[in-house]
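Working through the structure, step by step
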Amino acid sequence: MEDVLEVYHQPYDPKRPMICMDEQPVQLIKETRIPLPAKPGHPELIDYEYERNGTASIFMFTEPLSGASLGGS
């Protein structure tokens, strides 16, 4: 871990950029019932039942020393 932290203390070098990657897995869901609209004095009614509709991974790449975001998919 100390070796990794040392990398973050190196000065910025545009010829050797430091690129960091982060991944966030997410579950894709869809509603199984249409919510009932709000009425005067009552909030919208939502059924919390859902159908699993697959998974996805969100990736983020950054160059922290330059402050640049490199996009993701």
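Everything discussed here concerns the structure shown above.
About the criteria used
- Residues numbered from 1 in each chain as written.
- Predicted model: local features only at pLDDT ≥ 70, side-chain atom pairs only at ≥ 80, totals over all residues.
- Heavy atoms only, no water.
- Helix = DSSP H or I, 4+ residues; strand = E, 2+ residues; numbered from the N terminus.
- Rg over C-alpha atoms; globule rule 2.2 N^0.38 Å.
- Buried < 20%, exposed > 50% of the residue type's maximum accessible area, 1.4 Å probe, protein only.
- Contact = heavy atoms within 4.5 Å.
- Areas by Shrake-Rupley, 256 points an atom, 1.4 Å probe, with all protein chains shown as cover.
- Polar contact = N/O pair within 3.5 Å; in protein donor to acceptor, adjacent residues only side chain to side chain.

For the protein chain, the count of helices and strands is 1 helix and 3 strands. Along its sequence from the N terminus, the protein chain presents helices and strands in the succession α-β-β-β. For 73 residues, the compact-globule formula gives about 11 Å, and the C-alpha radius of gyration of the protein chain, at 22 Å, lies well above that figure. Projecting the C-alpha coordinates of the protein chain onto the three principal axes gives extents of approximately 60 × 30 × 25 Å. With 73 residues in all, the protein chain has 4% of them scored as buried. For the protein chain, contacts bridging at least 24 residues in sequence account for 57% of all contacts bridging at least 6. When the accessible area of the protein chain is evaluated, it comes to approximately 6,600 Å², of which 57% is carbon and sulfur surface.

Here the focus is the environment of R52. Tracing the backbone through its elements, the reader meets R52 in strand β2 (residues 50-63). In sequence terms R52 and E31 are 21 residues apart; their C-alpha atoms lie 9.1 Å from each other. Looking at R52, its side chain comes within polar contact range of the side chain of Q27, at 2.8 Å.

The values reported here are purely geometric and, on their own, carry no functional implication.
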